[in-house]
Amino acid sequence: MQYSLITIKSIKSEANGTLSFFESNTDIPFDVKRVYYISGVLNGGHRGAHAHKTLRQFLFCPYGAVEVILNDSKCSESIHLSSPSTGLLLEPGLWRDMLWHEDNSVLCVAASEYYDEKDYIRSFEEYLQYIENTAEDN
Ligand code: TYD
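Residues numbered from 1 in each chain as written. Predicted model: local features only at pLDDT ≥ 70, side-chain atom pairs only at ≥ 80, totals over all residues. Heavy atoms only, no water.

Asks: Any chance you could break down the sheet that holds strand β12 (residues 120-121) for me, citing the residues and the numbers?
Replies: Taken together, five strands build an open sheet; the order of strands is β8-β7-β10-β5-β12 and the sheet is antiparallel. At either margin of the open sheet sits one strand with a lone partner, and together these are β8 (76-81) and β12. Judged from the six bridges that link them, strand β7 (residues 66-71) and strand β10 (residues 95-100) form a sheet pairing that is antiparallel. Pairing of I69 across the sheet is with D97, part of β10. (Pairing = 2+ DSSP bridges. Helix = DSSP H or I, 4+ residues; strand = E, 2+ residues; numbered from the N terminus.)

Asks: Account for the nonpolar core, naming residues and giving values.
Replies: Residues L59, V68, L81, L88, W100 and L107 are the most contacted members of the largest nonpolar core, which totals 16 residues. Every element with two or more residues in this core is listed here: β6 (57-63), β7, β8, β9 (86-90), β10 and β11 (106-111). Examining the composition of this core, we find that three residues originate from one element, β7, more than from any other. When neighbours within four sequence positions are excluded, L59 is seen to be in contact with V68, L81, T86, G87, L88, L90, L107, C108 and V109. Grouped together as the second largest cluster of nonpolar side chains are 10 residues, I6, I28, F60 and C108 included. (Core = buried A, V, L, I, M, F, W, Y, C linked by side-chain atoms within 4.5 Å. Buried < 20%, exposed > 50% of the residue type's maximum accessible area, 1.4 Å probe, protein only. Contact = heavy atoms within 4.5 Å.)

Asks: Which residues make up the packing of aromatic side chains, and what values go with them?
Replies: Taken as a whole and assessed by the stated rule, the structure comprises seven aromatic pairs. Here W95 and F124 contribute two aromatic rings whose centre-to-centre distance is 5.2 Å and whose plane-to-plane angle is 75 degrees, an arrangement assigned as edge-to-face. Here W95, found in strand β10, pairs with F124, found in helix α1 (residues 124-137); they are 29 residues apart in sequence, far enough to count as distant. Overall, the relative accessible area of 7% leaves W95 in the buried class. (Phe/Tyr/Trp six-rings, centres within 6.5 Å; stacked < 30°, edge-to-face > 60°.)

Here it is as structure tokens:
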């Protein structure tokens, strides 16, 4: 499945917490054109339920715990993000659901492209069809 977990460099200070950082094309393999984040979701909350045709994304959860459930049309895998120093690199073509496991967990995303609704596939049926058609084209 087209994803990887990346350790986000972090500098811990004795008394005052930890600073974490990543840079385009050094720590993650694309130019970041957009950053967005999701806040105010309660435990049990659910978002996502879509795939992207071309977008690459780097997801991280600096506060709380969010599960990302990926499906590539053949199998499903679940990734738990709950550390400021772990990020999830998602390649295009993966269906994803996100499930909140703690109130007010914050899910942040660095994205390779500007927002474009045309890049989304929001129906699972359509997603399966898209993957089948893409496989036939190659
Ligand atoms: P969406 O990506 O569907 O979020 P989620 O999968 O977490 O539910 O986006 C929710 C809404 O926000 C949708 O109407 C599109 C809009 N949106 C933007 O306008 N710009 C953005 O960069 C993003 C990510 C979403």
